[in-house]
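Listed below, chain by chain, are the residues.
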Amino acid sequence: MSCHRPEASTSATRSADGADHNAFSLMQPRAPAATPKEARNGARVKIHNVAPQGVYLPNYNVLTPSMRSPEYVQMSTAAALTLGIMSGKMHRCECTRCLNLLLTYPEGCRANCAYCGLARHREAERDYADRNFIRVDWPAVPLAQAIDIVARDGAKSPFHRMCISMITHPRSDEDTVTVLRQWTDRIDPATIPVSILSNPTTMRREDVARLHDLGADIFTVALDAATPEIFERTRGKGVQSPHSWSKYWEILMDAREIFGAGKFGAHIIVGMGESEHDVLTLVQRLVDLGGHSHMFCFFPEKGSLMDHLPATPRDQWRRVQLARYLIDYRGVRVEHMKFDGEGRVVDFGLPRAELDAVVDAGTAFRTSGCPGKFAEDVSACDRPYGDSPPSNIASYPFAPNGNDLRRIRKQLRIVEAK
Ligand code: SF4
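Residues numbered from 1 in each chain as written. Predicted model: local features only at pLDDT ≥ 70, side-chain atom pairs only at ≥ 80, totals over all residues. Heavy atoms only, no water.

## Points about helix H4 (residues 172–186)
Residue pairs three or four apart in sequence face the same way in an α-helix, which turns once every 3.6 residues. Operational definition: Segments assigned H or I by DSSP are reported as helices when at least four residues long, segments assigned E as strands when at least two residues long, and all are numbered from the N terminus. Take the number of residues in a helix, subtract one, and multiply by 1.5 Å to get its expected span. Relative accessibility under 20% of the residue-type maximum defines a buried residue, over 50% an exposed one, and the middle range a partly exposed one, all with a 1.4 Å probe and only protein chains included. By the convention used here, residues are in contact when the closest approach between their heavy atoms is within 4.5 Å.
Relative to the 21 Å expected for 15 residues at 1.5 Å per residue, H4 spans 22 Å between its end C-alpha atoms, a close match to the ideal helical length. Taken together, the buried positions of H4 are Ser172, Asp173, Asp175, Thr176, Val177, Val179, Leu180 and Trp183. Those residues of H4 hidden inside the fold are in contact with strand S1 (72–74), strand S2 (98–103), helix H3 (143–153), strand S4 (161–165), strand S5 (194–198) and helix H5 (205–213).

## What to know about helix H11 (residues 402–412)
Put simply, the test is: Within this analysis, the arc is defined by the directions that extend from the helix axis to the C-beta atoms. Pairing of N or O atoms within 3.5 Å defines a polar contact, subject to two protein rules: one partner must be a possible hydrogen donor and the other a possible acceptor, and residues neighboring in sequence count only if both atoms are side-chain atoms.
Of all the positions in H11, only Asp404, Leu405, Ile408, Arg409, Gln411 and Leu412 are classed as buried. On an axial view of H11, the arc spanned by its buried residues comes to 160°, and they lie on one face. Turned more than 90 degrees away from the buried face of H11, the exposed residues are Asn403 and Lys410. Among the structural elements, helix H9 (314–329) and helix H10 (352–361) are those in contact with the buried residues of H11. Its side-chain oxygen at 3.1 Å from the backbone nitrogen of asparagine 403, asparagine 401 defines the N-terminal cap of H11. Within two residues after H11, arginine 413 carries a phi angle of roughly 60°, on the positive side.

## A look at the confidence of the model for the protein
The line we're drawing: Known as pLDDT, the predictor's per-residue confidence is scaled from 0 to 100.
Averaged over every residue, the pLDDT of the protein is 90; the share at 70 or more is 94%. A low-confidence stretch, residues 1–12 stays under pLDDT 50, and its non-local contacts, those more than four residues away or across chains, total 32 contacts.

## Some points on the environment of glutamate 174
Topologically, glutamate 174 is positioned in helix H4. In sequence terms glutamate 174 and serine 69 are 105 residues apart; their C-alpha atoms lie 9.9 Å from each other.

## Considering the nonpolar core
Rule in force here: The nonpolar core is taken to be a set of buried Ala, Val, Leu, Ile, Met, Phe, Trp, Tyr and Cys residues, with the residues joined through side-chain atoms within 4.5 Å.
Core analysis: the largest hydrophobic core is formed by 113 residues, its most contacted members being Met75, Leu99, Phe219 and Leu322. The greatest single-element share of this core, amounting to 8 residues, is contributed by helix H7 (residues 245–259). Excluding anything up to four places from it in sequence, phenylalanine 219 contacts Ile196, Ser198, Met203, Val208, Leu211, Ile251, Ala255, Phe259, Lys263, Phe264 and Gly265.

## A closer look at the pairing of strand S8 (residues 292–297)
Definition in use: Strands are labelled as partners when DSSP assigns at least two bridges between them. Crossover handedness is defined here as right-handed if the route from the first strand over the helix to the second strand goes clockwise, with the strands pointing away from the viewer.
With respect to burial, S8 is a largely interior element, 6 of its 6 residues being buried. Alternating positions in S8 separate into two faces, His292, His294 and Phe296 on one and Ser293, Met295 and Cys297 on the other, with burial throughout. Bridge count between strand S7 (residues 264–270) and S8: 6 bridges; the pairing is parallel. The residue of S8 that forms the bridge with isoleucine 269 is phenylalanine 296. At this point the chain moves from S7, through helix H8 (residues 276–289), to the parallel S8, and the crossover so formed is right-handed.

## A short note on the pattern of salt bridges
What counts is decided by this rule: By salt bridge we mean one thing: a side-chain nitrogen of Lys or Arg within 4 Å of a carboxyl oxygen of Asp or Glu.
Scanning all chains against the criterion turns up 30 salt bridges. Taking the shortest distance from any N to any O, the salt bridge between aspartate 127 and arginine 44 comes out at 2.9 Å. One end of the pair, aspartate 127, is in the loop between S2 and strand S3 (140–142); the other, arginine 44, is in helix H1 (residues 43–48), with 83 residues separating them in the sequence. You can call aspartate 127 buried: its relative accessible area is 16%. Taking the shortest distance from any N to any O, the salt bridge between arginine 110 and glutamate 123 comes out at 3.2 Å. With arginine 110 in the loop between S2 and S3 and glutamate 123 in the loop between S2 and S3, this pair connects stretches of sequence that are 13 residues apart. In the salt-bridge network here, residues are joined through shared partners; they are Arg352, Asp356, Asp360 and Arg409.

## Here we look at the packing of H9 against H11
In plain terms, the rule: To get an axis, fit a line to the C-alpha atoms, keeping to the stretch in contact for a helix; angles then go from 0 to 180 degrees between the N-to-C directions. Any angle between 65 and 115 degrees counts as roughly perpendicular, while under 35 counts as roughly parallel, over 145 as roughly antiparallel, and the rest as oblique. When residue character is reported, Ala, Val, Leu, Ile, Met, Phe, Trp, Tyr, Cys and Pro are called nonpolar, Asp, Glu, Lys and Arg charged, and the others, Gly included, polar.
Running from amino to carboxyl end, H9 crosses H11 at an angle of 105°, the nearest separation of the two axes being 8 Å. As the angle between them shows, H9 and H11 are arranged roughly perpendicular. Contact with H9, carried on its side by Arg314, Asp315, Arg318, Arg319 and Leu322, involves Ile408, Gln411 and Leu412 of H11 and no other residues of that element. Each residue belonging to the contact of H9 with H11 can be placed in one class, and the counts come to 3 nonpolar, 1 polar and 4 charged.

## Quick word on the sheet that holds S4
If you walk across this open sheet you meet the 8 strands as S3-S1-S2-S4-S5-S6-S7-S8, and the pairing is mixed. Strands at the two margins of the open sheet, each flanked by one partner only, are S3 and S8. Averaged over all pairs of adjacent strands, the angle between their axes in this sheet comes to 30°, without regard to strand direction. For S1 and S3, the ladder comprises 3 bridges, and the chain directions are antiparallel.

## Comments concerning the side chain of serine 195
Counting through the fold element by element, serine 195 comes out in strand S5. Other than its neighbours up to four places away in sequence, serine 195 contacts Arg161, Met162, Cys163, Ile164, Ile218 and Cys370.

## Structural notes on the environment of leucine 26
Here leucine 26 is to be found in the segment before H1. Using a relative accessible area of 26% as the deciding quantity, one classes leucine 26 as partly exposed. When the C-alpha positions of leucine 26 and glycine 108 are compared, they lie 29 Å apart, and in sequence the two are 82 residues distant.

## A look at the state of the cysteines
Should the sulfur atoms of two cysteines be covalently bonded, the bond is a disulfide. We apply this condition: Our working definition of a disulfide is a cysteine sulfur pair at a distance within 2.5 Å.
What the rule picks out here adds up to 0 disulfides. The closest cysteine sulfur to the non-disulfide-bonded cysteine 381 is located on cysteine 98, 4.5 Å from its own sulfur.

## Section: the packing of aromatic side chains
Rules: Stacked, edge-to-face and tilted are the three classes for Phe, Tyr and Trp ring pairs, Trp counted by its six-membered ring, which pair at centre distances within 6.5 Å; planes under 30 degrees apart are stacked, over 60 edge-to-face, the rest tilted.
The tally for this structure, following the rule as stated, stands at 6 aromatic pairs. Between phenylalanine 231 and tyrosine 248 the ring centres are 5.2 Å apart and the planes differ by 70°, which places this aromatic pair in the edge-to-face class. Of this pair, phenylalanine 231 sits in helix H6 (residues 228–235) while tyrosine 248 sits in helix H7, placing them 17 residues apart in sequence. For the residue pair phenylalanine 231 and tyrosine 248, the accessibility class agrees, reading buried in each case. On the numbers, 6.0 Å between centres and 55° between planes, the contact of tryptophan 245 with tryptophan 249 is tilted. Placement of the pair is tryptophan 245 and tryptophan 249 together in helix H7, with a separation of 4 residues, close to one helical turn. Just as tryptophan 245 is buried, tryptophan 249 falls in that class too.

Shown next, in the form of C-alpha cells:
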C-alpha cells in the first residue's frame, strides 16, 4: 500500500474555466440524492452484524464488520503505516508525526458536508468504514491496540501529537471523553499532547471544559468554510446538513476562554468560493483572538457532492499559504497587504528581501496544524497528501527542497532573488 496512487481528478494550476482562483459562482455543490431506506443509518452493517476481527482495511468485497467507538477508531493510512499495522511506503515521507483517531460507528457521520468523503449521503453507495476521507482510506483499528503500540514505544514513539477527531453522532461527545481517558491512563499527555478536532453541533460549553480538565492540550473547530454563505451552502441547509456558523463560533469562543491563547484554532478549506481577502481577514480575526488557523487546500474528494469541481489553483493556494504564514508567525497584518478588485493578494506587506527569505525557508508551504516537537511553526499534523496528489503537492508534509521551492516560486510568480 502506498500513498502514491494514480489520480484522475483535477489538481490544476488553473481552474477549469482558466481562472487563477475558484470563484463563488463556480463552486456550487450538487444537491444530495435521497438514500434508499434499506441503506439508511448503517442498516446494511447492522443487519449482517459481522463481528470485527482486529484491524479492518477498507475492502469493498467483504461484508463490513460492525465497529463502534470507543472500542474501535479509524486512522489515516499514514498513521497506520507509522504505527506499523499496515505495510507500505509513502512518497518522500518516512512517517507522520500526528496520530489522528477518528471516531467510527456503523451509522457514520450524520452530517452531510458537501466536500467530505464521510458525508451522510454516501450511505447509499458505501458503508461508513469503507469511505475514503481526505483522499485516502482510513483503516479501523481497536483503540486498545493503538494505545498498546504507542505506550510500548514510549519516548521512541514517532508521534509528536495525538488528535481525536469527532464526527456528528449522538455518541460522539461521550466517546471522545472515553478515548481521551483511556489514552491518558497509559500515555503521559506531557510526552504526546492531545488535540481535539471538535464537532460543535452536538457540544455544550461543559463538554469543552471537561476535555480541558481531562488533559487535552489544544481544541480546534473545523469551521472549514471561510464565510457564512459558503458555510451554509456546503455544510448547512444547502446540503441538508445540521451545522450552523453561529454554533461553530459559539464553541470556538468557549474554547478560547477555556483553553486560552495559542491553544485553540480553526480549520479552513481554501478555494471553496471565498476570496483571498475573505480568508485572510478570517485568519487575522483568529490571530487577534489569540488562536491559529489550520489550512487545507480544497480537493474534489471522490464521491463527495463537490467532486465535479476544480481543485484550488496553485497560485491562489500559494498566495494564501504565504500570507497566512506571515499573519500567524511574522506579525504582518492583513491591513498591511494589498488586494486587487477580486480580492487577490498583490502585495504581501513585507519588503522584498524579507519576503524572499520567508519563501526560501519553505515553512510557509508545509502542512499547517497543531505544533509538534520540531518548532512552533512546524505542524505535527503533516497529513501526507491529504489535500493533493504527490505529483502536485499543495501542503508539503516535509521541508520543501530546492526543486520544490523553484516550483513554488513559479506558482507564486515571484522570481528568484539574484
Ligand atoms: S461533520 Fe466532519 S466528518 Fe461529518 S460530514 Fe462534515 S466534514 Fe465530514
